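# Understanding the architecture of this molecule
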Amino acid sequence: MRGPDETFPQAAARELGDAQLRANLGNATATIRDKRARVVDELPDWEQLRDAGSAIKAEVMADLDGYLLQFEQALRAAGATVHWARDGAEACAVVAQVARAHNATEVVKVKSLTTDEIELNATLAQQGIHALETDFAELILQLDGDWSSHILVPAIHRNRTEIRDLFKRTIAPEIASDEPAVLAEAARLYLRERFLDAKVGVSGANFGVAETGTLCVVESEGNGRMCTTLPPVLVSIIGIEKLVPTFADLEVFLQLLPRSSTGERMNPYTSLWTGVTDADGPQELHVVLLDNGRTRVLKDEIGRQALHCIRCSACLNVCPVYSRTGGHAYGSVYPGPIGAILTPQLIGIENAPTLPFASSLCGACYDACPVKIDIPRVLLHLREQAVLATGKRSERAAMRALAWVFASAGRLRLAQRLARIAQRPLVRSGVIHRLPPPLSGWTDTRDMRPVAAHGFVEQASAERERPE
Amino acid sequence: MNSSSRDEILARVRAAKGATRTPDQHPPTPRDYRHSDTRPHDELVALFCERVGDYRAEVQRVAADQLPDTIAAVAARHHARRLAIPWQLPDDWQPHGLELIPDDTLTARALDGCDGVITGCSSAVAETGTIALTAAPHEGRRVLSLVPDLHICIVHSQQIVGSVPEAITQLAVITQGERRPITLISGPSATSDIELQRVEGVHGPRKLVVLVIEEPG
Amino acid sequence: MRVGLFATCVADTMFPDAARATAMILERLGHEVVVPREQTCCGQMHMNAGYRSEALPLAERFVATFGEFDAVVSPSSSCVGAIRELYPQLLAIDPPLLQRTMELSEFLVHRLGVEDVGASYPHRVTYHPTCHSLRVTRIGDAPLRLLRNVKGLELVELPDATECCGFGGTFSIKNAGTSSAILADKCSAIESTDADVCTAVDGSCLLQIGGGLSRRGDRVRAVHLAEILAST
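Source: prediction; values computed, not measured.

So, on to the packing of helix H16 (residues 336-347) of chain A against helix H18 (residues 375-390) of chain A. Residue and element names in this part refer to chain A. Contact geometry for H16 and H18: axes closest at 10 Å, N-to-C directions at 40°. Comparing the axis directions of H16 and H18 gives the class oblique. Crossing hand, H16 versus H18: left-handed. Across from Pro 337, Ile 338, Ala 340, Ile 341, Pro 344 and Gln 345 in H16, the residues of H18 making contact are Ile 375, Val 378, Leu 379 and Leu 382. Each residue belonging to the contact of H16 with H18 can be placed in one class, and the counts come to nine nonpolar, one polar and no charged.

Residue and element names in this part refer to chain C. Here four strands make up an open sheet; going across it, the order is E6-E5-E7-E8 and the pairing parallel. Strands with a single pairing partner mark the edges of an open sheet, and in this sheet they are strand E6 (154-156) and strand E8 (221-224). Pairs of neighbouring strands in the sheet enclose a mean axial angle of 35°, with direction left out of account. Against the sheet, helix H12 (residues 203-215) contacts strand E7 (197-200) and E8, and its axis sits at roughly 175° relative to E8.

Before going further, it helps to spend a moment on unusual backbone geometry. A cis amide bond links Pro 437 of chain A to the next residue, Pro 438 of chain A, at an omega of 5°. Within the fold, Pro 438 of chain A resides in the loop between strand E12 (431-432) and helix H21 (440-445). Although it is not a glycine, Arg 138 of chain C sits at a positive phi angle of roughly 50°.

Quick look at the pairing of strand E10 (residues 284-290) of chain A now. Consecutive residues of a regular strand have side chains that alternate between opposite faces of the sheet. Residues and elements named next belong to chain A. Taken across its seven residues, E10 has six buried, putting it largely inside the fold. By the bridge criterion, six bridges tie strand E1 (residues 80-85) to E10 in an arrangement that is parallel. The residue bridging Trp 84 from the neighbouring strand is Leu 289, located in E10. Direction of pairing for strand E7 (residues 233-239) relative to E10: parallel, over a ladder of seven bridges. Across the sheet, Gly 239 pairs through a bridge with Leu 290, a residue of E10.

The subject of this paragraph is the interface of chain A and chain B. Taken residue by residue, the interface counts 97 residues in chain A and 75 residues in chain B. Applying the counting rule to chain A against chain B returns 15 salt bridges. The partner of Asp 149 of chain B in a salt bridge is Arg 188 of chain A, with the nearest N and O atoms 2.7 Å apart. At the junction of chain A with chain B, the criterion picks out 33 residue pairs in polar contact (both at pLDDT 80 or more).

For the rest of this paragraph, the subject is the interface of chain A and chain C. By a widely used convention, the size of an interface equals the accessible area lost when the partners come together. Taken residue by residue, the interface counts 65 residues in chain A and 62 residues in chain C. Of the roughly 5,400 Å² buried at the junction of chain A and chain C (both faces included), carbon and sulfur atoms supply 56%. On the chain A side of the interface with chain C, the three residues burying the most area are Phe 406, Arg 446 and Phe 456 of chain A, jointly 14% of the side's total. Counting across the chain A and chain C interface gives nine salt bridges. Two residues, Glu 163 of chain C and Arg 324 of chain A, come together in a salt bridge whose shortest N-O distance is 3.2 Å. At the boundary of chain A and chain C, one finds 33 residue pairs in polar contact (both at pLDDT 80 or more). A total of 10 residues in the side of chain A that touches chain C trace back to one element, the largest contributor, which is helix H22 (residues 456-465) of chain A. Residue classes in the side of chain A that touches chain C are distributed as 32 nonpolar, 14 polar and 19 charged.

The predicted model of chain A has a mean per-residue pLDDT of 93, with 96% of residues at 70 or higher. Within the model, the stretch residues 147-156 of chain A combines pLDDT values under 50 with 12 contacts to residues more than four positions away or in other chains.

Cut-offs applied
- Residues numbered from 1 in each chain as written.
- Chains lettered and ligands numbered in written order.
- Predicted model: local features only at pLDDT ≥ 70, side-chain atom pairs only at ≥ 80, totals over all residues.
- Heavy atoms only, no water.
- Axes fitted to C-alpha atoms, helices over the stretch in contact; angles between N-to-C directions.
- Helix = DSSP H or I, 4+ residues; strand = E, 2+ residues; numbered from the N terminus.
- Parallel < 35°, antiparallel > 145°, perpendicular 65-115°, else oblique.
- Left-handed = near helix turned anticlockwise from the far one by under 90°.
- Contact = heavy atoms within 4.5 Å.
- Nonpolar A, V, L, I, M, F, W, Y, C, P; charged D, E, K, R; others polar.
- Pairing = 2+ DSSP bridges.
- Buried < 20%, exposed > 50% of the residue type's maximum accessible area, 1.4 Å probe, protein only.
- Salt bridge = Lys/Arg side-chain N within 4 Å of Asp/Glu carboxyl O.
- Polar contact = N/O pair within 3.5 Å; in protein donor to acceptor, adjacent residues only side chain to side chain.
- Buried area = accessible area lost by both parts, 1.4 Å probe.
- pLDDT = per-residue confidence, 0-100.

See below:
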């Protein structure tokens, strides 16, 4: 998986400057936050569901090989072909091979972060196979990218006029209105033709049931149903961590996921299919079990809880950082709080060392996570690793010096005294407006309170020792 | 390549697991969430209708002997004259005055030429306004309830359960046994991708009409 | 009760009046307050910045300095949070001292059952619940209960109160841009209350909020809860 090309502070600085993005993002996250809060509050047993979800996922990780073997066996018994992919390249190769075997130059795709992670579209394109995105938002990005023929960094929500213009240029030359219903109709008509003709569908999966070999796709628009039902051949790529032990476990996750992700009691469509069903849906099913760094995450006893993620994005919507910088600042398919702990573990901390620091440690993500991933704890754990792997010597020296000062009350008092002297030229009317580097980042946007004239401990302990 | 990929992944998993407890040392999953809704059944039926309505599906409660006429009226309201039906849709559900096309492995394009589809269902959840189809003979293949623009779904009030766990328990039996595919439907298809405004109907049926059959008297 | 006062390095250096006020309130309620002169820093910043091994001696120091008290009270919810939640992992033991360490408002309300400390503070005040007090030490509405009993105090609710202020320790410098963006919204929310004072149970947040308000030229002052409660 590709990691960030720049540090988070660099990327964030640029994204924060985009006022339109910030406004859209602020609106979007606030809206979904409120919706989520309302539907979660409806359930008196939300915490018990979270406890169960967390425990089920921990159980899967504790015996992942056993569950994978069980899943494979059930899938085969149900008529599916099972492939194992160590990395993205192997997974893409399966899709390409299946497409070629059926002379398909186009495959229809459901939105799947897993396929983004392995850069499926680009890899297929290199082999002359077009992966058509069928989610409304993904279709727009794809059409826009194709039209502009360069890699865009698009806003999350285009406004309706922009979408109308895009459609006019690409799939619906006759389109006139920018009413949302008209835009949706244009996408529907265009994609319907492609669904009806498609030979090969590609999907991810939200869950895979080890006991039965059942795959589950949770969606809103119906394109998931189209891709997994109409084409005669289906390839489903599923991360190895997506398993749940039994069908009954879905009773927990099908409550946790819709309420956490779109803030609905239930999403419009959930498809559950077990292998191949005679005369109903694809007659050839390929399931790709994807590692691509997940076994590396599994090795870390503290960090492996990141694999419990059910991709609801609740943590993104409550994060004060993500809701202002947006996903592109993280430079990864997985952004936000979960991305800050998953991305560095998937690709190695040295390849994303600034992501664990992209957090004020407010803890809102942990509260919102439907499977109780202790993101703050993992962030601290990864920060330690980042410091060891890529830490700057100057920073380590400063932190050690500070720890040395704090290790002695006498030294702390002395340091306070020195600070009082050093700050004198900086204090204007009881306020410091400019601090020297490396602290200048503070005073670029904030004033600083001066060090107080007397330390409390020194005075108070002296007072209390004075005989009455 | 594939069998060595398989071996390598399994080896990596086992090595990664190495430092942890063995599976039998793992504490059992706490399942203290609600497993059923104990409200009186007629309350659940009313709740189901309300929740389905929240998704902007049309909901109507119908006496069993009124069903065919009600279906005909719904179809007329939506200007639907050609309706696909599963090959075992009950006779006493079938409306008159409409062209009913039984699904004898109709092509997707043929279905695209139908105005709507009538199906039954296997189960329904009151709390979430969800209908479960399992490709049973009175429900039809998945493509049947996917392609046509109008889906008229018959739910018998006795099929309504209160909670998601109750429905999943019922569906587990179907999955483990015949392995029939399951589609959970909660409203017509929707997207919120245009300026966060929910727009009904992208790819699935844009109109969902739910008819809840009541017991007579 | 014999209470050890843990001032914290931030309060000791930047908000000595808050630490002093904490001591005064406890003494007014009849408790013996001891300020061990050997105290320094709990090591939270080092732990949060990825310098765990540098934090360990500081944690050991804290335990050695405060081990003997019936209770340890501090004016900082984040330090208390670090002590209760992070020390057990860091020290690999969980001495009883840790759970006896509390921030002032949770000590008053949850431990002593006191909601009225006899304070008087005739100002319009809005309360910022800090992230650690909300989600780590989980003190709930203890500060609000105390503020409601302060004579003459007009309490006004802060919009989007549970949003972070953006401090986050070294985050405030390393990710200064994002920290400031978060702070800007917090300051706007505070301004909208038309309060005279914004209060909180953590000096770190008050540094951030006070710094932002000051730079924006706001008249709102950032004042520690202890100082309000000690006021008569």
